[in-house]
Amino acid sequence: MNYPLSSAVPLGSPLYEQVKQAILTALAHGEWKQGEAIPPEKVLAERFGVSIGTLRKAVDELAAENILVRHQGRGTYVAVHTRNSHFFKFFRIVRQDGKKAYPTTELMRFRRVRATPLAREKLGLPAGAQVFEFSNVLSLNGDVVMVDEVTLPEALFPGMTERTLRERPSTLYSLYQDTFGVNVIATDERLRTCQASPAHASWLGIAQGQALLQIRRVAYSYHRQPVEWRVSHVNTDAYEYLGQEYTGGA
């Protein structure tokens, strides 16, 4: 199916931005799956009625945003969430000496409930919408470090079960992608401090009222569609939040 150049971009936006949005629309409709190659540049340029240079600029931006991945001599592919360095784009808790580690996760609770007003606001859901709520305790380097409380729209994750979460072979975002066809491409995070609740203190093995770092995150798929609302509580005695890293260049 062909998707026209987007009219949703602001008036006067460059042509490559319209092409970028059209590619995102095709991705959102599942035209190309995660790990699949998109058509060659010449084919896409003809499809959208633009020059190779305009098409390439749109693809370059999508590659810079880790939505597409270029493989020299093989083509351009839809990015896949795998257990590699891409994981740390979304997981930013490290030991204070800078050591990164993949967390081990213990599922503490799972339930299907009606979305709260806050969850509806964050996920753009109508009144009465059902969601899945679950809590994970994460350990790093053998240390119990954080609690994640996650809310997912049932409409995007039909059939999600406690067993699905417990038996997932990789990360949550890999599960979203592989099982439900939901690809997380960006997040919006807000940080604040708070005090440990009785439940958090018990799960983290700390005193009630101890200061914690709270991270409030909305995860987005294509076209900024919110797909996950997450609140994390981090014990920062030996761990800290690592913002965007400098990777070189001017």
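Model, not experiment: these values are computed from the prediction.

### A word on the packing of aromatic side chains
Right, so step 1: Taken as a whole and assessed by the stated rule, the structure comprises five aromatic pairs.
Right, so step 2: Between F90 and Y173, the aromatic rings sit 5.4 Å apart at their centres with planes inclined by 75°, giving edge-to-face as the arrangement. Of the two residues, F90 is situated in the loop between strand 2 (75-78) and strand 3 (93-95) and Y173 in helix 6 (residues 172-180); the sequence distance between them amounts to 83 residues.
Right, so step 3: The interplanar angle of 15° and the centroid separation of 5.7 Å between the aromatic rings of F110 and F132 together place this pair among those described as stacked.

### A short note on the confidence of the model for the protein
Where the model shows low pLDDT, its predicted coordinates should not be examined in detail.
Right, so step 1: For the protein, the mean per-residue pLDDT works out to 89, and 90% of the residues sit at or above 70.
Right, so step 2: Scored below 50 in pLDDT, residues 246-250 shows zero contacts in the model against residues more than four places distant or in partner chains.

### Here we look at helix 2 (residues 41-48)
Right, so step 1: Along helix 2, the positions that sit buried rather than exposed are L44, A45 and F48. Down the axis of helix 2, the buried side of the element spans an arc of 100°, and every buried residue falls inside it. For helix 2, exposure combined with an orientation more than 90 degrees from the buried face picks out K42 and E46.
Right, so step 2: The elements touched by buried residues of helix 2 are helix 1 (15-28) and helix 3 (52-64).

### Quick look at the packing of helix 1 against helix 3
Right, so step 1: Relative to each other, helix 1 and helix 3 sit at 60°, their axes nearing to 8 Å. Between helix 1 and helix 3, the angle falls in the class oblique. In this structure, the crossing between helix 1 and helix 3 has a hand that is right-handed. For the pair formed by helix 1 and helix 3, the contact residues are L15, Y16, E17, V19, K20, I23 and L24 on the first element and T54, L55, K57, A58, V59, E61 and L62 on the second.

### Here we look at the pairing of strand 9 (residues 226-234)
Right, so step 1: Within strand 9, nine of the nine residues are buried, which leaves the element mostly enclosed by the surrounding structure.
Right, so step 2: Judged from the six bridges that link them, strand 6 (residues 143-153) and strand 9 form a sheet pairing that is antiparallel. The residue bridging V147 from the neighbouring strand is H233, located in strand 9.
Right, so step 3: Sheet topology places strand 8 (residues 211-220) next to strand 9; eight bridges connect them, and they run antiparallel.

### Observations regarding the domain arrangement of the protein
Interfaces are often sized by the accessible area lost when the parts come together.
Right, so step 1: Structurally, the protein comprises domain 1 (15-78) and domain 2 (83-241).
Right, so step 2: For domain 1 versus domain 2, the distance between C-alpha centres works out to 30 Å.
Right, so step 3: Summed over both sides, the interface of domain 1 with domain 2 buries roughly 750 Å², with 59% coming from carbon and sulfur.
Right, so step 4: When the buried area of domain 1 at its contact with domain 2 is split by residue, Q34, N66 and I67 rank highest and sum to 55% of it.
Right, so step 5: Seen at the junction of domain 1 and domain 2, the total is zero salt bridges.
Right, so step 6: Across the contact surface, domain 1 and domain 2 share three residue pairs in polar contact (both at pLDDT 80 or more).
Right, so step 7: Here the side of domain 1 that touches domain 2 gets five residues from one element, more than from any other, and that element is helix 1.
Right, so step 8: Of the residues belonging to the side of domain 1 that touches domain 2, the class tally is five nonpolar, four polar and one charged.

Rules behind the numbers
Residues numbered from 1 in each chain as written. Predicted model: local features only at pLDDT ≥ 70, side-chain atom pairs only at ≥ 80, totals over all residues. Heavy atoms only, no water. Phe/Tyr/Trp six-rings, centres within 6.5 Å; stacked < 30°, edge-to-face > 60°. Helix = DSSP H or I, 4+ residues; strand = E, 2+ residues; numbered from the N terminus. pLDDT = per-residue confidence, 0-100. Contact = heavy atoms within 4.5 Å. Buried < 20%, exposed > 50% of the residue type's maximum accessible area, 1.4 Å probe, protein only. Arc of directions from axis to C-beta. Axes fitted to C-alpha atoms, helices over the stretch in contact; angles between N-to-C directions. Parallel < 35°, antiparallel > 145°, perpendicular 65-115°, else oblique. Left-handed = near helix turned anticlockwise from the far one by under 90°. Pairing = 2+ DSSP bridges. Domains from an automatic or database assignment. Buried area = accessible area lost by both parts, 1.4 Å probe. Salt bridge = Lys/Arg side-chain N within 4 Å of Asp/Glu carboxyl O. Polar contact = N/O pair within 3.5 Å; in protein donor to acceptor, adjacent residues only side chain to side chain. Nonpolar A, V, L, I, M, F, W, Y, C, P; charged D, E, K, R; others polar.

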